[in-house]
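Summary of structural features
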Amino acid sequence: MSARLLPGAPVAEAVLADVSERAAKLKAQGVTPSLATVLVGDDDASAGYIRIKQRQAAELGFESPHRHLSGDTTQQQLLDVIAELNADPGVHGVLIQYPIPAHLDYDAALQTLDPDKDVDGMHPLNMGRLAVGLPGPLPCTPAGIEALLAHYEIPVAGHEVVILGRGATLGRPLAMLLAQKRPTANAAVTVVHTGVPDWARYAKRAEILIAAAGVPGIIQPEHVRPGATVIGAGVRYEGKRLLPDVAEECAEVAGAITPRVGGVGPTTVAMLFRNAITAAERAVATAA
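All figures in this text were calculated on a predicted structure; none of them were measured in a lab.

**Re helix 2 (residues 44-60)**
For helix 2, with 17 residues, the first-to-last C-alpha span of 25 Å sits near the 24 Å given by 1.5 Å per residue. Looking at the buried positions of helix 2, the neighbouring elements they touch are helix 1 (9-28), strand 2 (35-40), strand 3 (66-69), strand 4 (93-96) and helix 9 (264-287). Here helix 2 starts with a cap whose side-chain oxygen sits 3.3 Å from the backbone nitrogen of Ala-45, and that cap is Asp-43. Positioned one or two residues after helix 2, Gly-61 has a phi angle of 85 degrees, which is positive.

So, in structure tokens, the structure goes:
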């Protein structure tokens, strides 16, 4: 048995095509959507991610103002930049590239960001909105996973989803998202983690198994229910080498599986811009 591959690129292309159309409509009204980025320090990988997002912004018709702060930036200097972007009506979304230097407090900085400009969907207020089902920017990787499952018509409603990983950026918000009452969600969701000695017992019963532990190769073929859908969302890097949570051999047991590279990643970026265009539309409606 060889699983059907679920690449993220077609999903991302569909989302970004919609974003591009919505950006064009705003520009016809005299408003150019804007996604600002903030980079602290000179980490090569982070700088590369920013360049990718700036190129994508240009292709979609967004402005992409950028603030590059030195590695010895103080917490107050970072907060001042965030305050400046909060106050700028021409900036609709703000991305604070993570990680930031160890002497800075990322969570404290995030809490000062205008929640409506939080394109990562990770501000505490937006996590609260998600918890109670109110509109707001969604965490990008969880939203991308929901979109991927919907794009490939993987049945979710009423089915058993097991998430291995309880992180604040992925496991916990994904559980809330997939449990909500919508046609592309409404699942029976179980969250387990590596602190659960028999986590494999839960994994093996999943109709949809989502690996979000950040432990290379933790999901092996014996952990997968035959025919299940397996989504690899957790990764770790050794230098430039990407090490996914899901062993490649799982494709011989699963019915559908994300590829080692190009699965959830493209959908995450697409959701970033979906949050940004929604923020721009909201700002225009509020100003009207």
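Past the structure itself, the notes keep going.
**So, a nonpolar patch on the surface**
There is a patch of nonpolar side chains on the surface, built from Tyr-49, Ile-52, Val-235 and Tyr-237 and spanning about 360 Å² of accessible area. With respect to the helices and strands, the residue Ile-52 is situated in helix 2. Judged by relative accessible area, Ile-52 falls into the partly exposed class, the value being 40%.

**Things to note about the pairing of strand 2**
Burial of strand 2 is extensive: 6 of the 6 residues sit out of reach of the surface. A two-sided burial pattern is seen for strand 2, the buried positions comprising Leu-35, Thr-37 and Leu-39 on one face and Ala-36, Val-38 and Val-40 on the other. When strand 2 meets strand 4, the two strands line up parallel, connected through 4 bridges. Bridged to Val-38 within strand 4 is Ile-96. The sheet contact formed by strand 2 and strand 3 spans 4 bridges and is parallel. Within the sheet, the bridge partner assigned to Thr-37 lies in strand 3 and is His-66. Where the polypeptide runs from strand 2 across helix 2 and back to strand 3, its parallel neighbour, the crossover connection is right-handed.

**Focus on the sheet that holds strand 5 (residues 160-164)**
Strands pair in a sheet through their backbones, by hydrogen bonds, and they do so in one of two ways: parallel or antiparallel. With parallel pairing, 6 strands are arranged side by side in an open sheet as 1-11-8-7-5-6. A single partner strand is all that each edge strand has here, and the edge strands are strand 1 (4-5) and strand 6 (188-192). Sheet analysis places strand 5 next to strand 6, joined by 5 bridges and oriented parallel. The residue bridging Val-162 from the neighbouring strand is Thr-190, located in strand 6. Against the sheet, helix 6 (residues 140-151) engages strand 7 (208-211) and strand 8 (229-232), with an angle of about 145 degrees to strand 8.

**Observations regarding the packing of aromatic side chains**
For the structure on display, the rule yields 2 aromatic pairs. Both rings, one in Phe-62 and one in Phe-273, keep their centres 5.5 Å apart while their planes meet at 85 degrees; by these two values the pair is edge-to-face. Linking Phe-62 in the loop between helix 2 and strand 3 with Phe-273 in helix 9, this pair joins segments that are 211 residues apart in sequence. On the accessibility criterion, Phe-62 (7% relative accessible area) is buried. Classification of Phe-273 as buried rests on a relative accessible area of 0%. Their ring planes at 70 degrees and their centres at 4.8 Å tell us that Tyr-98 and Tyr-106 sit as a pair that is edge-to-face. Exposure remark for Tyr-98: the relative accessible area of 53% places this residue in the exposed category.

Conventions we followed
- The numbering scheme is per chain: residues are counted from 1 as the chain's sequence reads.
- pLDDT decides what is reported in this predicted model: residues at 70 or higher carry local features, side-chain atom pairs at 80 or more are listed and counted, and totals for whole chains, interfaces and linings draw on all residues regardless.
- The side-chain values count all of the structure's non-hydrogen atoms but skip hydrogen atoms and water molecules.
- Helix numbering and strand numbering both begin at the N terminus, where a helix is a DSSP run of H or I of at least 4 residues and a strand a DSSP run of E of at least 2.
- Here the expected length of a helix is defined as 1.5 Å per residue gap, with one fewer gap than residues.
- Contact criterion: two residues are considered in contact whenever any of their non-hydrogen atoms come within 4.5 Å of each other.
- The definition of a polar contact used here is a pair of N or O atoms within 3.5 Å, where within protein one atom must be able to donate a hydrogen and the other to accept one, and adjacent residues in sequence count solely through side-chain atom pairs.
- Put simply, a patch holds well-exposed residues, over 30% relative accessible area, that have no salt bridge, with like charges counted together within 9 Å and Val, Leu, Ile, Met, Phe, Trp or Tyr side chains within 5 Å.
- Exposure was quantified through the Shrake-Rupley algorithm and a 1.4 Å probe, taking into account, for residues, occlusion by the shown protein chains and nothing else.
- When a carboxyl oxygen of Asp or Glu lies within 4 Å of a side-chain nitrogen of Lys or Arg, that pair is called a salt bridge.
- Relative accessible area decides the class of each residue, using a 1.4 Å probe on protein chains only: under 20% of the type maximum gives buried, over 50% gives exposed, and in between gives partly exposed.
- Should DSSP find at least two bridges between two strands, the strands are taken to pair.
- With its strands directed away from the observer, a crossover is right-handed exactly when the path from the first strand over the helix to the second travels clockwise.
- Axis definition: a line fitted to C-alpha atoms, limited for helices to the stretch in contact. Angles are taken between N-to-C directions and run from 0 to 180 degrees.
- Centres within 6.5 Å are what make two rings of Phe, Tyr or Trp a pair, Trp counting through its six-membered ring; a difference in plane orientation under 30 degrees is then read as stacked, over 60 as edge-to-face, and the rest as tilted.

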